[in-house]
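Chain and residue survey
The lines below spell out each chain.
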Amino acid sequence: MTTDPVPSPPATHRLFVNGGWRQGGDGSYPVVNPSTEQVVGHAPEASAADVEAAVAAAREAFDSWSRTGAAERAAVLNRVADALLARNDEFVPLLQAETGATIRVASSMQVPVAAERFRRYARGALEAAVTPLAPYPVAATPLAAGGLTSAVAVRRPVGVVGCITSYNFPIVNLAGKLAPALAMGNTVVAKPAPQDPLGCLKLGEVFEDAGAPPGIFNVVTGSGAATGAALVASAEVDMISFTGSTAVGRRIAADGGHTMKRMLLELGGKGAGIVLEDADLRTAVPAIGSAWAFHSGQICTAPTRALVHESRYEEVVAGLARYAAALAVGDPLSPSTVVGPVITALHRDRIESYIAGAVAEGARLVVGGTRKEHTADSPALPGTGFYVAPTLLAEVTPRMAVAREEVFGPVVVVIPFRDEEEAVAIANSTDFGLYDYVFSADTARAYALAARLRTGNVGINTAQRHPETPFGGFKQSGVGRDGGSYGLSAYSELQSLVWQS
């Protein structure tokens, strides 16, 4: 006779500070699996003293790391990438448990993407950071001889960077900040999202494996706003790089302004997918459907507003309804699952309130709007998990809250337009401007329309991104740009050197 083993209690993790591990001074809090609602671990509650210790470690390490040669910085980042890939089998189940990500997202779009970011910015550390400027003739004065004045512009590290990250792609988002910051000679104190901090804490083990210098990377966690607020308030933190909601971004900008911190803020989005009358719906419908199929719509670049020429409106609504109905919703551990849970019960309730509000305002619920729709091979577990089925709302007007505000979930609204003028006006009518899309058989027409959109990024007949493009938003979608070589610029200051020859 055999018995099932008694499961181990969820582990309590520690903060990673100055190359070592310390208990959170204010205890710990539970991290919950969005699919099962079970506790998968306990994260430390960093005290004010913990944050001060992490910042002090980063400040001390900055003196030597900023003077470390580019080749050596690149070597450290490459070792981090190697060590991360070596622990892939440990990261995938942990990330899946704390984020609720499907197997596809957890296995192919977390560790490999994060590792590639470390490799890309290892190469970036070796890129030229000096820009020579043309000599300038200067006439003689009573105080100085005339001649040619020469100059160069040199990129220097900013200093200690506080990286505050979002919950949708925890280690990928952190790697996108951490790698270029370190490549440029900065040091980092990271504060992950409270909902899923365990993978980011585990990155400390990766830095240990890689033999990274102590203090260049530190992680502090907390269940509320206090930990991040302490980073923003610290006079020893020179820059804040934040990804998250516009509401929190506003507070960070206001509080960080007291110490004139440099800011990189990647905030909310309300992507418009403009479908012109000549669009190929075989391309447009799946691209817009990615708002459901990609991580349960928890992505700021999602085309959640389908703006459709009135001549194709019903055709697009029908096509999106078929697409949504074919998406398997359920257990993220099932290989057939495409749509898993959203991050918390509170977020699920928020999404549902947007759906109910839209219906009350006159929108037509075409599909979805329910908490759980499982396929046959992934049976429903009543009362378990924070699920919202892919939801399509038609007959939506631009003034409805669901069309103006970021829902950050598997909800797409369809809005008709008569001509390009109206399409551009609707697309630009929100406070956001992060990522829009244009679908047309005439790429020149699409390119011209894109130039009129008040948004940082435009996809033309595609929902794919390019890793080297500058990424960021207009209006309340943020401040600054990162991505590719622009990431190196974002984590540096310009210093001019001038001499006379």
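Details of the structure are given in the entry above.
These figures come from a predicted structure and were not determined experimentally.

Now for the pattern of salt bridges. Enumeration over the complete set of coordinates arrives at 25 salt bridges. As a salt-bridge pair, glutamate 127 and arginine 120 come within 3.2 Å of each other at their nearest N and O atoms. Given the relative accessible area of 34%, glutamate 127 is considered partly exposed. One network of salt bridges, in which partners are shared, links Arg87, Glu90, Lys202, Glu205 and Asp209.

Our focus in this paragraph is the side chain of threonine 68. The topology assignment puts threonine 68 in the loop between α1 (48–65) and α2 (70–86). Here serine 64 takes part through its backbone oxygen, which lies 2.9 Å from a polar atom of the side chain of threonine 68.

The next thing to look at is the packing of helix α6 (residues 170–183) against helix α7 (residues 198–209). At a closest axis distance of 10 Å, the pairing of α6 and α7 adopts a crossing angle of 45°. If you check the angle between α6 and α7, you find them oblique. Between α6 and α7 lies a crossing of right-handed hand. Note on element contacts: α7 touches α6 through Gly199, Cys200, Leu203 and Phe207, opposite Pro170, Ile171, Leu174, Leu178 and Leu182.

Glancing now at the layout of surface pockets. Taking a probe equal in size to a water molecule and rolling it over the atoms shows the remaining empty space. Quantified by volume, the second largest pocket comes out at close to 340 Å³. Considering the residues around the second largest pocket, the lining is formed by 19 residues, among which Glu127, Ala128, Ala129, Arg155 and Met184 are closest to the centre. When residues of the lining of the second largest pocket are traced back to their parent elements, those giving at least two are α5 (111–125), β5 (130–138), β6 (147–157) and α16 (484–490). The leading source of residues in the lining of the second largest pocket is β6, at five residues. When the residues that make up the lining of the second largest pocket are grouped by side-chain class, the tally is 10 nonpolar, five polar and four charged.

Turning to the environment of alanine 291, a few remarks are in order. With respect to the helices and strands, the residue alanine 291 is situated in helix α10 (residues 281–293). Here the alpha-carbon distance between alanine 291 and valine 412, two residues 121 residues apart in the chain, equals 7.0 Å. Setting aside its immediate chain neighbours within four residues, alanine 291 contacts Ser296, Gly297, Ala302, Pro303, Thr304, Gly409, Pro410 and Val412.

Moving on: the pairing of strand β10 (residues 239–243). Burial analysis of β10 places five of its five residues in the buried class, which makes it a mostly covered element. Burial of the side chains of β10 extends over both faces: Met239, Ser241 and Thr243 are buried on one face and Ile240 and Phe242 on the other. Note that β10 and strand β11 (residues 262–266) share five bridges and pair parallel. In the strand pairing of β11, isoleucine 240 is matched with methionine 263. Crossover β10 to β11 through helix α9 (residues 246–256) is right-handed.

A few words on the sheet that holds strand β16 (residues 411–417). The sheet built from seven strands is open, its strands ordered β14-β15-β16-β13-β12-β18-β19 with mixed pairing. Two strands lie at the open edges of the sheet, namely β14 (364–367) and β19 (457–460), each paired on one side alone. Put simply, the sheet's adjacent strands are angled 25° from each other on average, direction ignored.

In the structure shown here, the tally under the stated rule is eight aromatic pairs. With centroids separated by 6.3 Å and ring planes inclined at 70°, the aromatic side chains of phenylalanine 118 and phenylalanine 207 adopt a geometry described as edge-to-face. Taken as a pair, phenylalanine 118 in helix α5 and phenylalanine 207 in helix α7 lie far apart in primary sequence, 89 residues in all. When sorted by exposure, phenylalanine 118 lands in the same class as phenylalanine 207, which is buried. Relative to phenylalanine 408, the ring of tyrosine 167 has its centre 5.8 Å away and its plane inclined at 85°; by these criteria the two rings are edge-to-face. Separated by 241 residues along the polypeptide, tyrosine 167 in the loop between β7 (160–164) and α6 and phenylalanine 408 in the loop between α13 (401–404) and β16 bring together distant segments of the chain. With relative accessibility at 13%, the residue tyrosine 167 sits in the buried group. Members of the aromatic cluster, connected to one another through ring pairs, are Phe16, Trp21, Phe118, Phe207 and Phe217. Taking the ring centre of tyrosine 121 as reference, the NZ or CZ of arginine 120 above it sits at 5.1 Å.

Scoring rules and cut-offs
- Residues numbered from 1 in each chain as written.
- Predicted model: local features only at pLDDT ≥ 70, side-chain atom pairs only at ≥ 80, totals over all residues.
- Heavy atoms only, no water.
- Salt bridge = Lys/Arg side-chain N within 4 Å of Asp/Glu carboxyl O.
- Buried < 20%, exposed > 50% of the residue type's maximum accessible area, 1.4 Å probe, protein only.
- Helix = DSSP H or I, 4+ residues; strand = E, 2+ residues; numbered from the N terminus.
- Polar contact = N/O pair within 3.5 Å; in protein donor to acceptor, adjacent residues only side chain to side chain.
- Axes fitted to C-alpha atoms, helices over the stretch in contact; angles between N-to-C directions.
- Parallel < 35°, antiparallel > 145°, perpendicular 65-115°, else oblique.
- Left-handed = near helix turned anticlockwise from the far one by under 90°.
- Contact = heavy atoms within 4.5 Å.
- 1 Å grid on protein atoms, 1.4 Å probe; cavity = no way out; pocket = protein on both sides within 12 Å on 5 of 7 lines; lining within 4 Å.
- Points joined across faces, edges and corners; volume = space filled by probe spheres on them.
- Nonpolar A, V, L, I, M, F, W, Y, C, P; charged D, E, K, R; others polar.
- Pairing = 2+ DSSP bridges.
- Right-handed = clockwise from strand over helix to strand, strands pointing away.
- Phe/Tyr/Trp six-rings, centres within 6.5 Å; stacked < 30°, edge-to-face > 60°.
- Lys NZ or Arg CZ within 6 Å of the ring centre and 35° of its normal.

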